[in-house]
Amino acid sequence: KQEVTQIPAALSVPEGENLVLNCSFTDSAIYNLQWFRQDPGKGLTSLLLIQSSQREQTSGRLNASLDKSSGRSTLYIAASQPGDSATYLCAASSGGSYIPTFGRGTSLIVHP
Amino acid sequence: NAGVTQTPKFRVLKTGQSMTLLCAQDMNHEYMYWYRQDPGMGLRLIHYSVGEGTTAKGEVPDGYNVSRLKKQNFLLGLESAAPSQTSVYFCANSDGLGGYTFGSGTRLTVV
């Protein structure tokens, strides 16, 4: 059974800092790994999708890496802004039905 | 979110009442999922479907039923609501190759 862990559970940083969110998974036979953002009371918005054959994906100030052998993914946020404040979830997809298993998320606060 | 629509957005039920949550997609994807999200528990899979006419149990299926009569729609039913089913419910889809698209959620309170 796939298990996904995200560390830290919460993070508070001053504006402008570069930061790293961590995601680990137990079953390395994944199809892909996806990072989502969730604002309070809202749904999930996809940020980055990394296929199993890829090592990283970038979108603007966001960069996600994938290391299947170690069962880890990291989300790097450069020059953080207050608007980045949200919960960030990672999901690893595995199994024959491409079922995503979610971590519990990292709650990020970027203060001015 | 674009492509996946959930109705209703909010609902209050009395214990023992029944209801159906509707998830509709316009993306023609085969795979659809129902999750519930609770504080401290993250997102947990209730049921999923790998195509029209198919359904399967996820991690927390008890107390729920689902149907996928049409490819575009995935229905989640509560036959006899219980306070423990108070949660936020999310529907998602996937084409199996790319990522996942989520609906905006249904906030259900059972009193």
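Residues numbered from 1 in each chain as written. Chains lettered and ligands numbered in written order. Predicted model: local features only at pLDDT ≥ 70, side-chain atom pairs only at ≥ 80, totals over all residues. Heavy atoms only, no water.

(A) Representation of the sheet that holds strand β1 (residues 4-7) of chain B in the model. Residue and element names in this part refer to chain B. If you walk across this open sheet you meet the four strands as β1-β3-β8-β7, and the pairing is antiparallel. A single partner strand is all that each edge strand has here, and the edge strands are β1 and β7 (64-67). The mean angle between the axes of side-by-side strands here comes to 20°, regardless of whether they run parallel or antiparallel. By the bridge criterion, four bridges tie β1 to strand β3 (residues 19-25) in an arrangement that is antiparallel. Counterpart to Thr5 in the pairing with β3 is Ala24. (Pairing = 2+ DSSP bridges. Helix = DSSP H or I, 4+ residues; strand = E, 2+ residues; numbered from the N terminus. Axes fitted to C-alpha atoms, helices over the stretch in contact; angles between N-to-C directions.)

(B) Fine view of the state of the cysteines. Residues and elements named next belong to chain A. One pass over the structure, following the stated rule, counts two disulfides over all chains. Cys23 shares a disulfide with Cys90; S-S distance 2.0 Å. Handedness of the Cys23-Cys90 disulfide follows from its S-S torsion of about 80°: it is right-handed. Separated by 67 residues along the polypeptide, Cys23 in strand β3 (residues 19-25) and Cys90 in strand β9 (residues 86-94) bring together distant segments of the chain. (Disulfide = S-S within 2.5 Å.)

(C) Representation of the nonpolar core within the structure. Residues and elements named next belong to chain A. One finds Phe25, Leu33, Trp35, Leu75, Ile77, Tyr88 and Leu108 to be the most contacted residues of the largest nonpolar core, which totals 22 residues. Secondary-structure elements contributing two or more residues to this core are β3, β4 (30-38), β5 (44-51), β7 (62-67), β8 (72-77), β9 and β11 (106-111). Beyond its immediate chain neighbours, meaning those up to four positions away, Leu33 contacts Cys23, Phe25, Leu48, Leu49, Ile50, Leu66, Ser73, Cys90, Ala91 and Ala92. (Core = buried A, V, L, I, M, F, W, Y, C linked by side-chain atoms within 4.5 Å. Buried < 20%, exposed > 50% of the residue type's maximum accessible area, 1.4 Å probe, protein only. Contact = heavy atoms within 4.5 Å.)

(D) Focus on the packing of aromatic side chains. Tallied over the entire structure, the rule returns eight aromatic pairs over all chains. Where Phe36(A) meets Phe102(A), the ring centres are 5.7 Å apart and the plane angle is 40°; that geometry is what we call tilted. Here Phe36(A) is found in strand β4, whereas its partner Phe102(A) is found in strand β10 (residues 99-102), with 66 residues between them in sequence. Here Phe36(A) falls in the buried class, since its relative accessible area comes to 0%. Between Phe102(A) and Tyr35(B), the ring centres sit 5.3 Å apart and the planes meet at 85°, which makes this aromatic pair edge-to-face. Highlighted residues: Phe102(A) in strand β10 and Tyr35(B) in strand β4 (residues 31-38), drawn from two different chains. You'll find Phe102(A) and Tyr35(B) in the same group, each marked buried. In textbook terms, an aromatic cluster arises when at least three aromatic residues are bridged by ring pairs, as seen for Phe36(A), Phe102(A), Tyr33(B), Tyr35(B), Tyr100(B) and Phe102(B). (Phe/Tyr/Trp six-rings, centres within 6.5 Å; stacked < 30°, edge-to-face > 60°.)

(E) Representation of the sheet that holds β8(A) in the model. Residue and element names in this part refer to chain A. The strand order across the open sheet formed by five strands is β1-β3-β8-β7-β6, and the pairing between neighbours is antiparallel. Across the chains shown, the open sheet's two edge strands, defined by having one partner strand only, are β1 (4-7) and β6 (56-59). In this sheet, neighbouring strand axes are inclined to one another by 15° on average, regardless of whether the strands run parallel or antiparallel. Where β1 meets β3, four bridges bridge the pair, whose relative direction is antiparallel. Counted as the bridge partner of Ile7 is Asn22 from β3.

(F) Up close: the interface of chain A and chain B. At the interface, 21 residues of chain A touch 23 residues of chain B. Of the roughly 1700 Å² buried where chain A meets chain B, counting both sides, 54% is carbon and sulfur surface. Inspection of the chain A/chain B interface yields zero salt bridges. The interface formed by chain A and chain B holds five residue pairs in polar contact (both at pLDDT 80 or more) in total. (Buried area = accessible area lost by both parts, 1.4 Å probe. Salt bridge = Lys/Arg side-chain N within 4 Å of Asp/Glu carboxyl O. Polar contact = N/O pair within 3.5 Å; in protein donor to acceptor, adjacent residues only side chain to side chain.)

(G) Just the layout of surface pockets, in detail. Taken as a whole, the largest pocket encloses approximately 670 Å³ of empty space. Around the largest pocket sit 34 residues that line it, and Gln38(A), Asp39(A), Gly41(A), Lys42(A) and Gln37(B) are the ones nearest its centre. Counting only elements with at least two residues in the lining of the largest pocket, the list comes to β1, β9 and β11 of chain A together with β4, β9 (87-94) and β11 (106-110) of chain B. For the lining of the largest pocket, the per-class residue count stands at eleven nonpolar, 17 polar and six charged. Estimated volume of the second largest pocket: approximately 500 Å³. As for the second largest pocket, its lining consists of 21 residues, and the residues nearest its centre are Lys1(A), Gln2(A), Thr101(A), Phe102(A) and Glu59(B). Partitioned by chemical class, the residues of the lining of the second largest pocket number eight nonpolar, eight polar and five charged. (1 Å grid on protein atoms, 1.4 Å probe; cavity = no way out; pocket = protein on both sides within 12 Å on 5 of 7 lines; lining within 4 Å. Points joined across faces, edges and corners; volume = space filled by probe spheres on them. Nonpolar A, V, L, I, M, F, W, Y, C, P; charged D, E, K, R; others polar.)

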